[in-house]
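Topology and contacts: notes
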Amino acid sequence: MIVIAGWIYIPISERLEEKRAAEAYKEALAFEIADGVTLLEGIRAFFGEDGCWLPDSRSVGVIAGETPGHLAYLEYDSKKNQVRALIYYPMSEEGQRWDGRDELIGLMVQAARKQRSEAPW
């Protein structure tokens, strides 16, 4: 009896985890990092790419900036409904790394707004 219950529980549990991960991913894509600027728009504007999105049931990790010396790892927490820049290491003009993760979200917002202002429509 226990074997049967375990056999049924595992597939249901896996499907629920997949469903939660898909929901967290959708929420992360639409999450506004500033008024009218989504996380995806900010990443596209600042890094020039969509990034690599890694959803699980509780959060979504985003790796962006694959060019050497310009890398960020952001995390969207679905429970707290917030984004944090966990790692951001751009290269300075002198070639030294500096930790700009506290500034990253603001830089992404500025890049998205600048991109919108320069749009031809």
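Residues numbered from 1 in each chain as written. Predicted model: local features only at pLDDT ≥ 70, side-chain atom pairs only at ≥ 80, totals over all residues. Heavy atoms only, no water.

This next bit is on the overall build of the protein chain. When helices and strands are tallied, the protein chain shows 3 helices and 6 strands. Its helices and strands in sequence order give the protein chain the pattern α-β-β-α-β-β-β-β-α, from N to C terminus. Residues classed as buried in the protein chain amount to 34% of the 121 residues present. Of all intrachain contacts in the protein chain linking residues separated by at least 6 positions in sequence, the fraction that spans at least 24 positions is 36%. Of the roughly 8300 Å² of accessible surface on the protein chain, a fraction of 55% belongs to carbon and sulfur atoms. (Helix = DSSP H or I, 4+ residues; strand = E, 2+ residues; numbered from the N terminus. Buried < 20%, exposed > 50% of the residue type's maximum accessible area, 1.4 Å probe, protein only. Contact = heavy atoms within 4.5 Å. Areas by Shrake-Rupley, 256 points an atom, 1.4 Å probe, with all protein chains shown as cover.)

Below, the discussion takes up the nonpolar core. Ile33, Ile43 and Leu74 are the most contacted members of the largest nonpolar core, which totals 27 residues. Those elements that provide at least two residues to this core are α1 (2-30), β1 (32-34), α2 (39-47), β4 (59-64), β5 (70-77), β6 (82-90) and α3 (101-117). Once you skip the residues sitting within four places of it in the chain, Ile33 turns out to touch Thr38, Leu39, Gly42, Val83, Ile105, Met108 and Val109. (Core = buried A, V, L, I, M, F, W, Y, C linked by side-chain atoms within 4.5 Å.)

So, on to the confidence of the model for the protein chain. In regions of low pLDDT, the predicted coordinates are not meant to be interpreted in detail. Per-residue confidence for the protein chain averages 83 on the pLDDT scale, and 81% of its residues sit at or above 70. Across the protein chain, element-level confidence peaks in strand β2 (residues 37-38) with a mean pLDDT of 96 and bottoms out in α1 with 76. (pLDDT = per-residue confidence, 0-100.)

In this section: the pattern of salt bridges. As enumerated under the stated definition, the model contains 4 salt bridges in all. Of the charged contacts, one joins Glu41 and Arg116 as a salt bridge, the two residues approaching to 2.8 Å between their closest N and O atoms. Here Arg116 lies in helix α3 and Glu41 lies in helix α2, a separation of 75 residues in the sequence. According to the relative accessible area criterion, Arg116 is partly exposed, its value standing at 40%. Residues Arg84 and Glu75 are paired through a salt bridge, measuring 2.5 Å at the closest nitrogen-oxygen approach. On the basis of relative accessible area, Arg84 is assigned to the partly exposed category, the value being 38%. (Salt bridge = Lys/Arg side-chain N within 4 Å of Asp/Glu carboxyl O.)

Moving on, we come to the side chain of Asp77. Within the fold, Asp77 resides in strand β5. In this structure Asp77 is buried but unpaired, with Lys80 as the nearest side chain of opposite charge at 4.4 Å. One polar contact links the side chain of Asp77 to the main-chain amide nitrogen of Lys80, over a distance of 3.2 Å. Discounting residues that sit within four places of it in the chain, Asp77 has contacts with Arg58, Ser59 and Gln82. (Lys, Arg positive; Asp, Glu negative; His and termini not counted. Polar contact = N/O pair within 3.5 Å; in protein donor to acceptor, adjacent residues only side chain to side chain.)

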